[in-house]
Amino acid sequence: PPETVSGDACRQFCDSAGRAQMLLCDGMGTGRPAAVDGNLAAELTARLLKAGFTAELAARLVNVALALKSDEESGATLDLVSVDLYTGTARLFKAGAAPGFLVHGGRVRAVGEATLPMGVLGGVNGQSRVVHLTAGDYAVLVSDGLLVDGPGWVMQQLELSAAKAEQPDVLAKKLVEAARARAVQRGRPDDITAAVLRLENS
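Residues numbered from 1 in each chain as written. Predicted model: local features only at pLDDT ≥ 70, side-chain atom pairs only at ≥ 80, totals over all residues. Heavy atoms only, no water.

Student: What am I meant to see in the nonpolar core here?
Tutor: For soluble globular proteins, the rule of thumb is that nonpolar side chains tend to be buried together. Counting residues in each nonpolar core, the largest one holds 23 residues, and the members touching the most others are Phe101, Val140, Val142, Leu146, Val154, Leu158 and Leu175. Taken together, the elements giving at least two residues each to this core come down to β5 (100-104), β8 (138-142), α3 (152-163), α4 (168-186) and β9 (194-198). Sorting elements by how many residues they give to this core places α4 first, with six residues. Residues contacting Phe101, with those up to four places away along its chain left out, are Val108, Arg109, Ala110, Tyr138, Ala139, Val140, Val142, Leu147, Pro151, Val154, Met155 and Leu158. By size, the runner-up hydrophobic cluster in this structure holds 19 residues, among which are Ala46, Leu48, Ala55 and Leu66. (Core = buried A, V, L, I, M, F, W, Y, C linked by side-chain atoms within 4.5 Å. Buried < 20%, exposed > 50% of the residue type's maximum accessible area, 1.4 Å probe, protein only. Helix = DSSP H or I, 4+ residues; strand = E, 2+ residues; numbered from the N terminus. Contact = heavy atoms within 4.5 Å.)

Quick look at the structure:
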């Protein structure tokens with residue numbers, strides 16, 4: 001069935017400058033058109049970052065690509081965290097994306113406010129901020145489908161998982177499964193994705 005196609009697309013890689021890049025794109029709407037937009041945005045952004053473009057410039061170019069792609073309105077959010085693995089400096093960039101979460105020293109905070117997605121306006125209204133992370137900290141990106149009940153329960157889960165030093169894949173699975181159960185109760189299905197990055201000493 002078409003609803004099994006997700007409009008969310010994730011990419012994770014290390015670039016040549018020793019930065020861990022984790023990005024999440026959520027195509028507008030659901031089903032196949034959303035999946036095309038989400039994957040196009042994620043793939044293009046990843047390639048541009050690997051080629052050395054900044055997040056802002058990559059977002060601008062992806063915005064143009066989505067706008068040119070079809071006459072129908074198409075768009076995607078961009079949620080990016082870029083961590084310098086030598087210094088722990090993390091750069092967060094969001095265009096239209098749902099709030100993300102940082103766990104630093106066991107304390108959780110939500111990051112980012114709602115802006116418009118790429119492909120909708122002439123320009124990209126992205127937000128960028130820099131934070132410092134250390135070993136044991138987590139950066140978590142989620143699509144808006146995960147926040148159907150708001151961020152409160154997510155923050156509680158992150159605090160519990162951080163206290164247990166859970167592996168990123170375990171934590172991501174917990175978040176998605178809990179969100180899916182909540183969405184079923186509410187009868188509001190949407191694509192649900194969580195991407196989790198945890199810093200460790202090498």
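Student: Before we go on, may I ask you to explain α4 in this structure?
Tutor: Working note: α-helix, 3.6 residues per turn, so residues spaced by three or four point in the same direction. In a regular helix each residue adds 1.5 Å, so 19 residues correspond to 27 Å; α4 covers 27 Å between its end C-alpha atoms and thus fits that length. Inspection of α4 places Pro168, Leu171, Ala172, Leu175, Val176, Ala179 and Ala183 among the buried residues, and these make up the whole buried set. For α4, the angular spread of the buried residues around the axis is 125 degrees, confining them to a single face. For α4, the exposed residues lying more than 90 degrees away from the buried face are Lys173, Val184 and Gln185. Buried residues in α4 make contact with β8, α3 and β9. Just past α4, the residue Gly187 takes up positive phi, approximately 70 degrees. (Expected span 1.5 Å × (residues − 1). Arc of directions from axis to C-beta.)

Student: When you look at unusual backbone geometry in this model, what are you seeing that I'm missing?
Tutor: When glycine is set aside, most residues are seen to have a negative phi, and most peptide bonds are trans. If you check the backbone angles, Ala165 has positive phi at about 50 degrees while not being a glycine. Here Ala165 lies in the loop between α3 and α4.

Student: Whenever I open this one, helix α2 (residues 55-69) confuses me. Can you help?
Tutor: With 15 residues, α2 extends 21 Å from end C-alpha to end C-alpha; this agrees with the ideal 21 Å at 1.5 Å per step. Within α2 the residues assigned to the buried category are Ala55, Ala58, Ala59, Val62, Asn63 and Leu66. The buried side chains of α2 occupy one side of the element, clustering within an arc of 140 degrees when seen end-on. Exposed residues pointing more than 90 degrees away from the buried face of α2 are listed as Arg60 and Leu68. On the buried face of α2, the contacting elements are α1 (31-50), β3 (78-84) and β4 (89-95).

Student: Please explain the sheet that holds strand β1 (residues 8-14) as it appears in this structure.
Tutor: Strands pair in a sheet through their backbones, by hydrogen bonds, and they do so in one of two ways: parallel or antiparallel. Read across the open sheet, the five strands follow the order β1-β2-β3-β4-β7; overall the sheet is antiparallel. Two strands bound the open sheet, and with one partner strand each, they are β1 and β7 (127-132). In this sheet, adjacent strand axes meet at a mean angle of 10 degrees when their direction is disregarded. One ladder, built from six bridges, connects β3 with β4; its direction is antiparallel. When the sheet's bridge partners are listed, Ser82 is paired in β4 with Arg91. Packed on one face of the sheet, α1 meets β1, β2 (19-26) and β3 and runs near 15 degrees to β1. (Pairing = 2+ DSSP bridges. Axes fitted to C-alpha atoms, helices over the stretch in contact; angles between N-to-C directions.)

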